[in-house]
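As a plain string of letters, each chain reads:
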Amino acid sequence: SFDTGGKYTFKDKEKQNPDLVEFDKLLEKQNFEINLMLLEEAIKYIKQKDNFYPLIMATIHGNTPKEYAEYTNKVLELERKYSFKFWGFALGGIASSKGMDDSWLTGYKKGKISKNAFVSSKATKIVHDIVGDRPIHPLGAGGYDSIDSLYENGATSFDSNTPNRRAS
């Protein structure tokens, strides 16, 4: 589905552009509300079309595990409100543990698994426990050290551009 996403990389002096920096801050402040509105509008649009049912994944967001669960439940409320069911869920903002709220790492013990794998797996488990066996795609989190844990926690697909970028 469409969402505001987040800007995690800045190139070509983008951080020096005050308009871009201010716009990014505005989106960050209101992205949950904007993204839920975009999901609702997508549902309304699809429902008015006859025999039109694209396989759409609702993007889930949250800054903490609690917010991730709350956001997932808000998406399910939209589904109930409109008698509509998203095909699956795409998990945003979890590919990197940089800048993550410390609550994601509660119970984390250093060992074989990386922080990034831990955060993305925890988010996957949160969503899977709420939505059951619908498809779950952690966006950008499919690094080699994450795949086993993501699968074990309910992910049905994943992607990662990092290995490709490094090889390029």
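Residues numbered from 1 in each chain as written. Predicted model: local features only at pLDDT ≥ 70, side-chain atom pairs only at ≥ 80, totals over all residues. Heavy atoms only, no water.

**Let's talk about the sheet that holds strand E3 (residues 136-138)**
Thought 1: With respect to topology, 3 strands assemble into an open sheet ordered E1-E2-E3, the strand pairing being parallel. In the strand order of this sheet, the two ends are held by strand E1 (57-60) and E3, each with one partner. When strand polarity is set aside, the average angle formed by the axes of neighbouring strands in this sheet is 25°.
Thought 2: Note that E1 and strand E2 (residues 88-91) share 4 bridges and pair parallel. (Pairing = 2+ DSSP bridges. Helix = DSSP H or I, 4+ residues; strand = E, 2+ residues; numbered from the N terminus. Axes fitted to C-alpha atoms, helices over the stretch in contact; angles between N-to-C directions.)

**Describing the side chain of Ser121**
Thought 1: Along the chain, the position of Ser121 falls in helix H3 (residues 115-131).
Thought 2: At 2.5 Å, the side chain of Ser121 forms a polar contact with the side chain of Ser149.
Thought 3: When near neighbours in sequence (up to four residues on either side) are disregarded, Ser121 contacts Ser149, Leu150 and Asn153. (Polar contact = N/O pair within 3.5 Å; in protein donor to acceptor, adjacent residues only side chain to side chain. Contact = heavy atoms within 4.5 Å.)

**Digging into the confidence of the model for the protein**
Thought 1: When pLDDT is averaged across the protein, the result is 82; 83% of the residues are at 70 or more.
Thought 2: The lowest-confidence element of the protein is helix H5 (residues 162-167), averaging 59 in pLDDT; the highest-confidence one is helix H2 (residues 65-82), averaging 96. (pLDDT = per-residue confidence, 0-100.)

**Thoughts on the nonpolar core**
Thought 1: Judged by nonpolar contacts, the single largest core of 26 residues is most densely connected at Leu39, Ile60, Tyr68, Val75, Phe86, Phe89 and Val127.
Thought 2: At 6 residues, H2 tops the list of elements feeding residues into this core.
Thought 3: Apart from the residues within four sequence positions on either side, Val75 is in contact with Leu36, Leu39, Ala58, Ile60, Phe86 and Phe89. (Core = buried A, V, L, I, M, F, W, Y, C linked by side-chain atoms within 4.5 Å. Buried < 20%, exposed > 50% of the residue type's maximum accessible area, 1.4 Å probe, protein only.)

**Concerning a nonpolar patch on the surface**
Thought 1: There is a patch of nonpolar side chains on the surface, built from Tyr53, Leu55 and Trp87 and spanning about 330 Å² of accessible area.
Thought 2: If you trace the backbone, Leu55 turns up in the loop between helix H1 (18-47) and E1. (Patch = residues over 30% accessible without salt bridge, like charges linked within 9 Å, V, L, I, M, F, W, Y side chains within 5 Å. Areas by Shrake-Rupley, 256 points an atom, 1.4 Å probe, with all protein chains shown as cover. Salt bridge = Lys/Arg side-chain N within 4 Å of Asp/Glu carboxyl O.)

**Here's the deal with the packing of aromatic side chains**
Thought 1: Under the counting rule described, the total for this entry stands at 3 aromatic pairs.
Thought 2: Taking 5.4 Å as the distance between ring centres and 80° as the angle between the ring planes, the aromatic pair formed by Tyr68 and Trp104 counts as edge-to-face. Here Tyr68, found in helix H2, pairs with Trp104, found in the loop between E2 and H3; they are 36 residues apart in sequence, far enough to count as distant.
Thought 3: When its relative accessible area of 0% is taken as the criterion, Tyr68 is described as buried.
Thought 4: The buried category is assigned to Trp104, whose relative accessible area is 0%.
Thought 5: Their ring planes at 85° and their centres at 5.1 Å tell us that Phe84 and Phe86 sit as a pair that is edge-to-face.
Thought 6: You can call Phe84 buried: its relative accessible area is 8%. (Phe/Tyr/Trp six-rings, centres within 6.5 Å; stacked < 30°, edge-to-face > 60°.)

**Let's talk about the side chain of Thr64**
Thought 1: Examined against the element boundaries, Thr64 turns out to sit in the loop between E1 and H2.
Thought 2: Among the residues examined, Thr64 registers a relative accessible area of 16% and is labelled buried.
Thought 3: At 3.0 Å, the side chain of Thr64 and the backbone nitrogen of Glu67 are in polar contact.

**A word on H2**
Thought 1: Its 18 residues give H2 an end-to-end C-alpha distance of 26 Å, which sits within 8% of 26 Å, the value for a rise of 1.5 Å per residue.
Thought 2: For H2, the full list of buried residues reads Pro65, Tyr68, Tyr71, Thr72, Val75, Leu76, Leu78, Glu79 and Tyr82. The buried residues of H2 occupy an angular sector of 150° when the element is viewed end-on, so they sit on one face. Facing away from the buried surface of H2 by more than 90 degrees, the exposed residues are Lys66, Arg80 and Lys81.
Thought 3: Directly after H2, the chain includes Ser83, whose backbone phi takes a positive value near 50°. (Expected span 1.5 Å × (residues − 1). Arc of directions from axis to C-beta.)

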